[in-house]
Amino acid sequence: MTDAAALPGQPRGAVVSGPATDRAVNVLAPNPSAMTLDGTNTWILSEPDSPLAVVVDPGPLDEGHLRAVRDTAESLGKRVALTLLTHGHPDHAEGAARFAELTRTSVRALDPALRLGDEGLSAGQVVAVGGLELRVVATPGHTGDSLSFHLPADRAVLTGDTVLGRGTTLVAHPDGRLGDYLDSLRRLRSLTVDDGVHTVLPGHGPVLDDAQGAVEFYLAHRASRLAQVETAVEDGYTTPAEVVAHVYADVDRSLWPAAELSVRAQLEYLSEHGLI
């Protein structure tokens, strides 16, 4: 059995609903899959003595889950005052409109198409609710609209799909771009170095207690994969499907379609930088 402390980011282990930090409670959505891992983590955030809460990523359009999120907040003595989205993929955002109905809240996101209400989100913005402070961090790359939320009081960051609690994420080409993703990882690394962030609250998978280690692992993984793709092209594997079959041969074939998106992003990056 592998010691969790020896794994990238020091994952806590099993993914469960319940408190993760002083201000963050997870409600795990019932949508496990190869892509969503244990399911989507829906985060309820609140100052301990505040009656107001913020929900990040209500998750899929699953009535039972959405009601469980609302009821969990109420059981903690909280009223959901605002809903935020890390990005627009259905496993994070599909249930947002219905959740807004259940809680009578607005939905704020980077993408105007996902918003319900007059306010959106932008990089550098501070979202304050009931004494809780969240800082919006632009982390495009997985998707063009991906955001992370820095929770300074807990020295934590909510990363959506930019950093997962287990494994690595895909760059969803063509909306996602590898250059943007690498910049986003460096931005997250600066939070760990300059702002003392040590905990990752991911969109999927377990909480990570070594944020810097997780981000460094992601950067090293991306560099390694990029080198493998470059070598594969030099060896005559020219189409994305050929590169996937060669470079990702050790990966479950059910994940190859997702891997092909990342390969397309890598090929685009290599071409833009004159490397192939």
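Keep in mind it's a predicted model, so treat the numbers as computed, not measured.

A. Here's a closer look at the overall build of the protein chain. Tallying secondary structure elements over the protein chain gives 7 helices and 11 strands in all. Radius of gyration (C-alpha) of the protein chain: 19 Å, near the 19 Å computed for a compact globule of 276 residues. Once the C-alpha set of the protein chain is aligned to its principal axes, its extents read approximately 60 × 40 × 35 Å. Counting every position in the protein chain, which comprises 276 residues, the buried fraction comes to 51%. At a minimum sequence separation of 6, the contacts of the protein chain that also span at least 24 residues come to 62%. Surface accessibility of the protein chain: about 11700 Å² in total, with carbon and sulfur atoms responsible for 51%. Charge separation in the protein chain, taken as the distance between the mean sites of 21 positive and 37 negative side-chain charges, equals 5 Å.

B. Seen up close, the side chain of E47. Inspection of the secondary structure puts E47 in the loop between β3 (41-45) and β4 (52-56). On the basis of relative accessible area, E47 is assigned to the buried category, the value being 14%. Polar side-chain contacts of E47 include one of 2.7 Å to the side chain of R23. Apart from the residues lying within four places of it in its own chain, the contact partners of E47 are R23, K78, G130, G131, L132 and A153.

C. Quick look at empty space enclosed by the protein. Throughout the structure, instances matching the rule amount to 1 cavity of 30 Å³ or more. Of the volumes computed, that of the largest cavity is approximately 50 Å³. Forming the walls of the largest cavity are V157, T159, V163, L188, L191, T192, V197, V200, A211 and V215. Those elements that provide at least two residues to the lining of the largest cavity are β10 (156-160), α4 (178-194) and α5 (211-234). Here the lining of the largest cavity takes 3 residues from α4, the largest share from any one element. Taken together, the residues of the lining of the largest cavity break down into 8 nonpolar, 2 polar and no charged.

D. Expanded view of the sheet that holds β4. The mixed open sheet is built from 6 strands, whose spatial order is β1-β2-β3-β4-β5-β6. Every interior strand has two partners, whereas the edge strands, β1 (18-19) and β6 (107-108), have only one. Along the sheet face, helix α1 (residues 63-75) touches β2 (24-28), β3, β4 and β5 (79-84) and points at about 155° away from the line of β2. Across the face of the sheet, helix α3 (residues 96-103) comes into contact with β4, β5 and β6 while running at roughly 160° to β5.

E. Examining the packing of aromatic side chains more closely. A full pass over the atoms with the stated rule returns 1 aromatic pair. Centre to centre, the rings of F217 and Y218 are 6.2 Å apart; their planes meet at 75°, and the pair counts as edge-to-face. Given the relative accessible area of 3%, Y218 is considered buried. Above the ring of Y248, the side-chain terminus of R225 is found at 4.2 Å from the ring centroid.

F. Representation of the environment of R135 in the model. By the secondary structure assignment, R135 is in strand β8 (residues 132-138). With a relative accessible area of 34%, R135 lands in the partly exposed category. The sequence separation of R135 and H150 amounts to 15 residues, and the corresponding C-alpha distance is 4.9 Å. Those residues in contact with R135 that lie beyond four places of it in its chain are Q125, V126, S148, F149, H150 and P152. Here the side chain of R135 touches E133 through a polar contact of 3.0 Å, side chain to side chain.

G. Geometry of the pairing of β3. Within β3, 5 of the 5 residues are buried, leaving the element largely enclosed by the surrounding structure. Every second residue of β3 is oriented toward a common face, with N41, W43 and L45 on one face and T42 and I44 on the other, all of them buried. Direction of pairing for β2 relative to β3: antiparallel, over a ladder of 5 bridges. Opposite V25, over in β3, you have I44 as the bridge partner. Pairing of β3 with β4, which is carried by 3 bridges, proceeds in the antiparallel orientation. Residue pairing across strands places L45 opposite V54, the latter belonging to β4. Where β3 hands over to β4, the hairpin turn is made up of 6 residues, counted between the paired strands.

H. Quick look at the layout of surface pockets. In this structure, the largest pocket encloses a volume near 600 Å³. Surrounding the largest pocket, 24 residues form its lining, M35, T168, T169, L170 and A258 being those nearest its centre. Looking at the lining of the largest pocket, the elements that each hand over two or more residues are α5 and α7 (256-272). Of the residues contributing to the lining of the largest pocket, the split by class is 10 nonpolar, 9 polar and 5 charged.

The rules we used
Residues numbered from 1 in each chain as written. Predicted model: local features only at pLDDT ≥ 70, side-chain atom pairs only at ≥ 80, totals over all residues. Heavy atoms only, no water. Helix = DSSP H or I, 4+ residues; strand = E, 2+ residues; numbered from the N terminus. Rg over C-alpha atoms; globule rule 2.2 N^0.38 Å. Buried < 20%, exposed > 50% of the residue type's maximum accessible area, 1.4 Å probe, protein only. Contact = heavy atoms within 4.5 Å. Areas by Shrake-Rupley, 256 points an atom, 1.4 Å probe, with all protein chains shown as cover. Lys, Arg positive; Asp, Glu negative; His and termini not counted. Charge placed at Lys NZ, Arg CZ, Asp CG, Glu CD. Polar contact = N/O pair within 3.5 Å; in protein donor to acceptor, adjacent residues only side chain to side chain. 1 Å grid on protein atoms, 1.4 Å probe; cavity = no way out; pocket = protein on both sides within 12 Å on 5 of 7 lines; lining within 4 Å. Points joined across faces, edges and corners; volume = space filled by probe spheres on them. Nonpolar A, V, L, I, M, F, W, Y, C, P; charged D, E, K, R; others polar. Pairing = 2+ DSSP bridges. Axes fitted to C-alpha atoms, helices over the stretch in contact; angles between N-to-C directions. Phe/Tyr/Trp six-rings, centres within 6.5 Å; stacked < 30°, edge-to-face > 60°. Lys NZ or Arg CZ within 6 Å of the ring centre and 35° of its normal.

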